[in-house]
Amino acid sequence: MEVVTNQWARLSNFSNPGSNDHRFYNVEQAFAQAIQLPPIDTPVATLVSSSPVVSGDAADKLKSEDKWAELTLWKNFNATAWAIKSTSAASYFNRTMVMWLRQLQDRIPIQDDRIHQDLTKIIAASQFSADATLDTIKFASSALATSVTSRCLLWLRNWQMDNKAKWNLETALFKGPNHFGEALDPILVENKDKKKVLPSNAKKPEARSHPYCRQSYRAPDFDHHQRFSSFRSDRQFSRSSYQDPNRFQHQSRWPFQGGGGRPYRRRK
């Protein structure tokens, strides 16, 4: 419990294995290569580089936040790999101890029932320890595969392709020695420089016409309109008040005459 709590107190700290770790948990070369972090394929590394040729460490071309994620995944992979190494060594010696105990039990006379019972208990405990360490290797291998999948997601973020194509490439069978390996062969295409690159479904930006800027409607000023209408009505009223009321009356130049063109005279 103390070992776990101390590591939780230092989440970003990973102590490098010492000389004793390399000596005690030394595994064969084929097994050691199987739990090494595979390098990123060149077509995938070019997704974060402006040049089709990637020189040096491809992780240096990542963004700052992606670079921290790559470093964290590398530490996770390395710690899990060392857990597999140490557990494999423990599992090997547990299996060997079970074999030695059974050989010892065969050499003890059958009459010593007490010793046979004790050896049977020790063999059962050793067998359980061997099975538990083997299960630990399986669980650690699952964590190792999950770390590799997370690393695939990180490096394929810049690939402009649908999520289904990305997931099919991420879950492809790993055959090594690179991260994606032979799974890239049916996907890669040649560019104008005859280089193998990943295809892209990015659409070219279309030229857009400037939208018509319609002026906003402004409601008429009601007070101004009312003042202008009252001004016109007052002006018309003042003009009509100065007009001559007899101007439009009909004025006859001649008095009314009767028939024959003579003036009409009223009889007395």
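A quick note: this is a predicted structure, and the numbers were derived from the prediction, not measured.

## Re the overall build of the protein
Inference 1: Across its full length, the protein carries eight helices and two strands.
Inference 2: When contacts within the protein are restricted to residue pairs at least 6 apart in sequence, those whose partners lie at least 24 apart make up 66%.
Inference 3: For the protein, the accessible surface area stands at approximately 22000 Å², while carbon and sulfur atoms represent 54% of it.

## Considerations on the packing of helix H5 (residues 64-107) against helix H6 (residues 113-155)
Inference 1: It is the contact of H5 with H6, at a shortest axis distance of 8 Å, that shows an interaxial angle of 160°. When the axes of H5 and H6 are compared, the pair comes out roughly antiparallel. Seen from above, H5 lies across H6 with left-handed handedness.
Inference 2: Partitioned by chemical class, the residues of the contact of H5 with H6 number 22 nonpolar, 17 polar and six charged.

## Topic: the packing of aromatic side chains
Inference 1: One pass over the structure, following the stated rule, counts one aromatic pair.
Inference 2: On the numbers, 5.4 Å between centres and 80° between planes, the contact of Tyr-92 with Phe-93 is edge-to-face. One exposure class covers both Tyr-92 and Phe-93, and it is exposed.
Inference 3: Over the ring of Trp-82 we find Lys-85, and its NZ or CZ is 4.2 Å from the ring centre.

## Here we look at the environment of Pro-177
Inference 1: When you line up the elements, Pro-177 lands in the loop between helix H7 (163-170) and strand E1 (189-190).
Inference 2: On the accessibility criterion, Pro-177 (69% relative accessible area) is exposed.
Inference 3: In the structure, Pro-177 is positioned 143 residues away from Ala-34 in sequence and 9.1 Å away in space, judged by C-alpha atoms.
Inference 4: Aside from chain neighbours lying at most four places away, what touches Pro-177 is Pro-38 and Pro-39.

## Examining the pattern of salt bridges
Inference 1: Scanning the entire structure with this criterion turns up four salt bridges.
Inference 2: With a shortest N-O distance of 2.8 Å, Arg-157 and Asp-66 are connected by a salt bridge. One end of the pair, Arg-157, is in the loop between H6 and H7; the other, Asp-66, is in helix H5, and 91 residues separate them in sequence.
Inference 3: Taking the shortest distance from any N to any O, the salt bridge between Lys-138 and Asp-135 comes out at 3.3 Å. Here the residue Lys-138 and the residue Asp-135 both occupy positions in helix H6, the gap between them amounting to three residues, near one helical turn.

## Focus: H7
Inference 1: Those residues of H7 lying buried are Lys-166, Leu-169 and Glu-170. With its buried residues spanning 100° around the axis, H7 presents them on a single face.
Inference 2: Where H7 is buried, its residues touch H6.

## A word on a nonpolar patch on the surface
Inference 1: The grouping of Trp-68, Leu-71 and Trp-74 at the surface amounts to a nonpolar patch, some 350 Å² of accessible area in total.
Inference 2: Structurally, Trp-68 can be placed in helix H5.

## Description of the confidence of the model for the protein
Inference 1: Summary statistics for the protein give a mean pLDDT of 76 and a share of 71% for residues scoring 70 or more.
Inference 2: Per-element confidence in the protein ranges from a low mean pLDDT of 49 for helix H8 (residues 222-241) to a high of 92 for H6.
Inference 3: In this model, residues 237-243 is a region of pLDDT below 50 whose contacts with residues beyond four sequence positions or in other chains number one contact.
Inference 4: Across residues 247-252, confidence stays below pLDDT 50; counting only partners more than four residues off in sequence or on other chains, it has two contacts.

## Comments concerning the side chain of Arg-151
Inference 1: Turning to its location among the elements, Arg-151 is positioned in helix H6.
Inference 2: Within the structure, Arg-151 has its side chain in polar contact with the backbone oxygen of Pro-38 (distance 2.9 Å).

## Concerning the nonpolar core
Inference 1: With 26 residues, the main nonpolar core has Val-44, Trp-155, Leu-169, Phe-180 and Leu-184 as its most contacted residues.
Inference 2: Counting only elements with at least two residues in this core, the list comes to helix H4 (42-45), H5 and H6.
Inference 3: Here this core gets six residues from one element, more than from any other, and that element is H6.
Inference 4: Ignoring any residue separated from it by four or fewer positions in sequence, one finds Phe-180 in contact with Asp-41, Val-44, Cys-152, Leu-156 and Leu-169.
Inference 5: Grouped together as the second largest cluster of nonpolar side chains are five residues, Val-98, Leu-101, Leu-119 and Ile-123 included.

## Things to note about the environment of Phe-139
Inference 1: With respect to the helices, strands and loops of the structure, Phe-139 is situated in helix H6.
Inference 2: We classify Phe-139 as exposed; its relative accessible area is 61%.
Inference 3: On a C-alpha basis, the gap between Phe-139 and Ile-84 in space is 9.3 Å, while along the polypeptide they are 55 residues apart.

Cut-offs applied
- Residues numbered from 1 in each chain as written.
- Predicted model: local features only at pLDDT ≥ 70, side-chain atom pairs only at ≥ 80, totals over all residues.
- Heavy atoms only, no water.
- Helix = DSSP H or I, 4+ residues; strand = E, 2+ residues; numbered from the N terminus.
- Contact = heavy atoms within 4.5 Å.
- Areas by Shrake-Rupley, 256 points an atom, 1.4 Å probe, with all protein chains shown as cover.
- Axes fitted to C-alpha atoms, helices over the stretch in contact; angles between N-to-C directions.
- Parallel < 35°, antiparallel > 145°, perpendicular 65-115°, else oblique.
- Left-handed = near helix turned anticlockwise from the far one by under 90°.
- Nonpolar A, V, L, I, M, F, W, Y, C, P; charged D, E, K, R; others polar.
- Phe/Tyr/Trp six-rings, centres within 6.5 Å; stacked < 30°, edge-to-face > 60°.
- Buried < 20%, exposed > 50% of the residue type's maximum accessible area, 1.4 Å probe, protein only.
- Lys NZ or Arg CZ within 6 Å of the ring centre and 35° of its normal.
- Salt bridge = Lys/Arg side-chain N within 4 Å of Asp/Glu carboxyl O.
- Arc of directions from axis to C-beta.
- Patch = residues over 30% accessible without salt bridge, like charges linked within 9 Å, V, L, I, M, F, W, Y side chains within 5 Å.
- pLDDT = per-residue confidence, 0-100.
- Polar contact = N/O pair within 3.5 Å; in protein donor to acceptor, adjacent residues only side chain to side chain.
- Core = buried A, V, L, I, M, F, W, Y, C linked by side-chain atoms within 4.5 Å.

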